[in-house]
Amino acid sequence: MKLLHKKIEQEGKVLSDTVLKVDSFLNHQVDPQLMKAIGEEFAARFRQEGITKVLTIESSGIAPGVMAAMELGTPLIFARKKKSLTLSEGLLTAEVYSFTKQETNTISVSTQYLKEGDRVLLIDDFLANGQAALGLIELVKQAGAHVAGIGIVIEKSFQEGGKLVRETGYRVESLAEIESLNDGQVTFKKGAEV
Ligand code: G4P
Ligand code: NA
Ligand code: NA
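Note that residues are indexed from 1 along each chain, following the sequence as it is written. Chain A is the first chain written and ligand 1 is the first ligand written, with later ones labelled in order. Only residues with pLDDT of at least 70 get local features here, since the model is predicted, and only at 80 or more are side-chain atom pairs given and counted; chain-wide, interface and lining totals rely on the full set of residues. As a rule here, side-chain values cover all heavy atoms of the structure and leave hydrogens and water aside.

A word on the overall build of the protein
Thought 1: When its secondary structure is counted, the protein shows 5 helices and 10 strands.
Thought 2: We compute the radius of gyration over the C-alpha atoms and compare it with the globule rule, which gives 2.2 Å times the number of residues raised to the power 0.38. The C-alpha atoms of the protein give a radius of gyration of 16 Å, which matches the 16 Å a tight globule of 194 residues would have.
Thought 3: Considering only C-alpha atoms, the protein reaches an extent of 50 × 35 × 30 Å along its principal axes.
Thought 4: Relative accessibility under 20% of the residue-type maximum defines a buried residue, over 50% an exposed one, and the middle range a partly exposed one, all with a 1.4 Å probe and only protein chains included. Counting across all 194 residues of the protein, residues that qualify as buried make up 47%.
Thought 5: Residue contacts follow a heavy-atom distance rule, with two residues in contact if any of their heavy atoms lie within 4.5 Å. Pairs at least 24 residues apart make up 63% of the contacts formed inside the protein by residues separated by at least 6 positions.
Thought 6: Accessible surface, the protein: about 9,900 Å² in total, of which carbon and sulfur atoms supply 49%.
Thought 7: All tallies of charge rest on Lys and Arg as positive and Asp and Glu as negative; His and the ends of each chain are not included. By convention, charge coordinates are those of NZ in Lys, CZ in Arg, CG in Asp, or CD in Glu. Positive and negative charge centroids in the protein, built from 23 and 26 side chains respectively, lie 2 Å apart. Secondary structure is summarised from DSSP: a helix means a run of H or I of at least four residues, a strand means a run of E of at least two, and numbering begins at the N terminus for each. Each accessible area is a Shrake-Rupley estimate made with a 1.4 Å probe; only the visible protein chains count as cover when residues are assessed.

Shown next as structure tokens:
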């Protein structure tokens with residue numbers, strides 16, 4: 001997605017060979033115009049799938065997720081990482097291990113919102129090691145719902161997540177695919193600049 005590539009080139013900061021900082025438009029400050037375009041792009045790619053719910057994980061998945069949901073005419077659900085005060089029963093839960101933080105988080109969604117028969121589009125801001133996406137897939141399965149596709153804003157193709165998540169057989173669409181962050185440079189995957 002050209003607009004996103006341009007934004008990453010202009011504002012992304014390569015912190016190391018593995019980490020890209022995008023705080024100016026995705027992870028801290030949010031660029032609503034860009035998020036709208038991202039939502040439209042996800043909707044275009046998954047429009048034929050009969051999506052009934054968009055599911056993401058707090059917090060950085062919410063902005064692109066809500067825009068995709070808006071375009072598809074569905075609700076957005078975000079899985080919580082922390083226990084909610086008002087949400088205690090009827091919870092679907094999955095364990096998500098973070099390699100970066102070396103900790104396991106329990107993510108959860110209420111059975112009130114994710115239901116049998118739902119056709120669910122999963123959205124996340126980054127695909128790195130894939131554990132968050134696999135956790136979301138697990139929640140959908142527990143609900144007896146169907147994973148209709150997975151939409152990722154930025155995939156780091158040099159990490160394991162893309163391979164792991166595609167092995168599940170679900171369609172994964174990444175709007176920017178980064179092949180390398182070596183030498184302080186963002187290199188996009190060839191042929192992926194559309
Ligand atoms: P990991 O094992 O590769 O770290 O995957 P994990 O899903 O545990 O990532 C931990 C957090 O770091 C996630 O956000 C994920 O989106 C984010 N992340 C992974 N790689 C990058 C990167 O190169 N750049 C940036 N900016 N973020 C990255 P989170 O902790 O869930 O935070 P948030 O969703 O509240 O922002
Ligand atoms: Na994040
Ligand atoms: Na995320």
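Considering the site of ligand 1
Thought 1: Whether a residue is near a molecule or strand depends on its heavy atoms: it is near if one of them lies within 4 Å of it. Looking at ligand 1, there are 17 residues lining it, with Ser59, Ser60, Lys81, Thr100 and Asn129 nearest.
Thought 2: Here Leu20 contributes a backbone N or O atom positioned 2.6 Å from a nitrogen atom of ligand 1.
Thought 3: Here Ser98 contributes a side-chain N or O atom positioned 2.8 Å from an oxygen atom of ligand 1.
Thought 4: The pocket occupied by ligand 1, as judged from atoms lying within 2 Å of grid points, is the largest pocket.
Thought 5: Partitioning the shell around ligand 1 into residue classes produces 5 nonpolar, 7 polar and 5 charged. Here a polar contact means two N or O atoms within 3.5 Å. Within protein one must be a hydrogen donor candidate and the other an acceptor candidate, and residues neighboring in sequence count only if both atoms are side-chain atoms. Lining residues are defined by having an atom within 4 Å of a point belonging to a cavity or pocket. Those points lie on a 1 Å grid over the protein atoms alone, cavities being sets where a 1.4 Å probe fits but cannot get out and pockets being open sets with protein on both sides within 12 Å along at least five of seven lines. Grid points define the cavity or pocket, and a molecule sits in it when more than half of its atoms lie within 2 Å of them. Under this grouping Gly is polar, as are all residues other than the nonpolar Ala, Val, Leu, Ile, Met, Phe, Trp, Tyr, Cys and Pro and the charged Asp, Glu, Lys and Arg.

Regarding the coordination of the sodium ion (ligand 3)
Six octahedral donors around a metal ideally sit at 90 or 180 degrees from one another, while four tetrahedral donors ideally sit at 109.5 degrees.
Thought 1: Listed as protein donors to the sodium ion (ligand 3) are Asp124 (OD) and Asp125 (OD); their distances from the metal cover 2.3 to 2.6 Å.
Thought 2: Coordinating N, O and S atoms are those within 2.8 Å of the metal (3.2 Å for Na, K and Ca), and as water is not part of the atoms, a site may appear to have fewer donors than expected. Here the sodium ion (ligand 3) and the sodium ion (ligand 2) are spaced 3.5 Å apart, linked through Asp125, which binds each one.
Thought 3: On the basis of relative accessibility, which here comes to 7%, the residue Asp124 falls in the buried class.
Thought 4: Asp125 gets classed as buried once you look at its relative accessible area, which sits at 10%.

A look at the UniProt feature "binding site: 5-phospho-alpha-D-ribose 1-diphosphate" (unreviewed entry) in the protein
Thought 1: UniProt positions are given in the numbering used here, feature names are shortened, and annotations may be inferred rather than shown by experiment. UniProt records the feature "binding site: 5-phospho-alpha-D-ribose 1-diphosphate" (unreviewed entry) for Ala128, Asn129, Gly130, Gln131 and Ala132 in the present numbering. From this annotated list, the subset lining the largest pocket comprises Ala128, Asn129, Gly130, Gln131 and Ala132.
Thought 2: Here Asn129 is to be found in the loop between strand E7 (119–127) and helix H4 (131–142).
Thought 3: Residue classification places Asn129 among the partly exposed positions, given a relative accessible area of 22%.
Thought 4: Here Asn129 is in contact with Phe99, Glu160, Gly161 and Leu164, once residues within four sequence places are set aside.

Details of the packing of aromatic side chains
Thought 1: Only centres within 6.5 Å qualify two rings of Phe, Tyr or Trp (six-membered ring in Trp) as a pair; their planes then separate them into stacked at under 30 degrees, edge-to-face at over 60, and tilted for everything else. Summed over the entire model, instances satisfying the criterion amount to 1 aromatic pair.
Thought 2: Measuring from centroid to centroid gives 5.1 Å for Tyr97 and Phe99, while their planes differ by 85°, and the two rings are edge-to-face.

Observations regarding the packing of helix H1 (residues 2–11) against helix H2 (residues 32–46)
Thought 1: For the pair H1 and H2, interaxial distance at closest approach is 10 Å and the crossing angle is 140°. Classified by chirality, the crossing of H2 by H1 is left-handed. For the pair H1 and H2, contact is made by Leu3, Leu4 and Lys7 and by Leu34, Ala37 and Ile38, respectively.
Thought 2: Here the residues of the contact of H1 with H2 are counted per class, giving 5 nonpolar, no polar and 1 charged. A fitted line through C-alpha atoms serves as each axis, taken over the contacting stretch for helices, and the angle formed by two N-to-C directions is quoted from 0 to 180°. By convention, the crossing between two helices is left-handed when the near helix turns anticlockwise from the far helix through less than a right angle, and right-handed when the turn is clockwise.

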